Amino acid sequence: LDLDFIEQMYLGQNVEIRTAISKIGNRSFCVEQEAWQNSRCCTRGHVALVHFDAATQKSIPLPEDIRQRLHEHLIENA
């Protein structure tokens, strides 16, 4: 998880959260998010998520149906 706090945000004012997928691997994917307030990007974040089997305690390949759904939100050149 990596976060950049760019500008102060204010209580009581609307916040828009923008989310996209920046990378899809064999066993993981990366999510990018931004928090916007008053037409300004105030916070930017990046997280890598791993597809994990709790029973075996190991990462496992992303199923094709999940990969396809993630691909719908993939941004180029992230």
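Attention here is on the structure that accompanies the text. Note that this is a predicted model, so its numbers are computed, not measured. (Residues numbered from 1 in each chain as written. Predicted model: local features only at pLDDT ≥ 70, side-chain atom pairs only at ≥ 80, totals over all residues. Heavy atoms only, no water.)

### A closer look at the packing of aromatic side chains
Okay, step 1: Under the definition given, this model contains zero aromatic pairs.
Okay, step 2: Above the plane of the ring of Trp36 lies Arg18, whose end atom (NZ or CZ) is 3.9 Å from the centre. (Phe/Tyr/Trp six-rings, centres within 6.5 Å; stacked < 30°, edge-to-face > 60°. Lys NZ or Arg CZ within 6 Å of the ring centre and 35° of its normal.)

### Thoughts on unusual backbone geometry
The phi angle of most residues is negative, glycine excepted, and most peptide bonds adopt the trans form.
Okay, step 1: In the Ramachandran plot, Asn38 falls in the positive-phi region, its phi being about 55° despite a non-glycine side chain.
Okay, step 2: Residue Asn38 is classed as partly exposed on the basis of its relative accessible area, which comes to 47%.
Okay, step 3: A positive phi angle, near 60°, is found at Gln57, a position not held by glycine.
Okay, step 4: Position of Gln57 among the secondary structure elements: in the loop between β5 (52–53) and β6 (58–59). (Buried < 20%, exposed > 50% of the residue type's maximum accessible area, 1.4 Å probe, protein only. Helix = DSSP H or I, 4+ residues; strand = E, 2+ residues; numbered from the N terminus.)

### Some remarks on the side chain of Gln37
Okay, step 1: With respect to the helices and strands, Gln37 occurs in strand β3 (residues 28–37).
Okay, step 2: In terms of polar contacts, Gln37 uses its side chain to reach the backbone carbonyl oxygen of Gln13, at 3.2 Å.
Okay, step 3: For Gln37, the contacting residues outside a window of four places in its chain are Gln8, Met9, Tyr10, Gln13, Asn14, Val15 and Cys42. (Polar contact = N/O pair within 3.5 Å; in protein donor to acceptor, adjacent residues only side chain to side chain. Contact = heavy atoms within 4.5 Å.)

### A short note on the sheet that holds strand β1 (residues 2–5)
Okay, step 1: Here four strands make up an open sheet; going across it, the order is β1-β4-β3-β2 and the pairing antiparallel. The open sheet has two edge strands with one neighbour each: β1 and β2 (16–24). The sheet shows a mean angle of 15° between the axes of neighbouring strands, direction not considered.
Okay, step 2: Bridging between β2 and β3 involves eight bridges; their strand directions are antiparallel. Following the sheet pairing, Thr19 is matched in β3 by Gln33. (Pairing = 2+ DSSP bridges. Axes fitted to C-alpha atoms, helices over the stretch in contact; angles between N-to-C directions.)

### A word on the pattern of salt bridges
Okay, step 1: Under the criterion given, the structure shown has four salt bridges.
Okay, step 2: The partner of Glu7 in a salt bridge is Arg40, with the nearest N and O atoms 2.4 Å apart. Remark: Arg40 occurs in strand β4 (residues 40–50) and Glu7 occurs in the loop between β1 and β2; sequence separation between them is 33 residues. (Salt bridge = Lys/Arg side-chain N within 4 Å of Asp/Glu carboxyl O.)

### Brief notes about the state of the cysteines
Okay, step 1: Going through the model one piece at a time under the given rule, you end up with zero disulfides.
Okay, step 2: The structure places no disulfide on Cys41, whose sulfur is separated from the nearest cysteine sulfur, that of Cys42, by 6.8 Å. (Disulfide = S-S within 2.5 Å.)

None of the figures reported here should be taken as evidence of function without further support.
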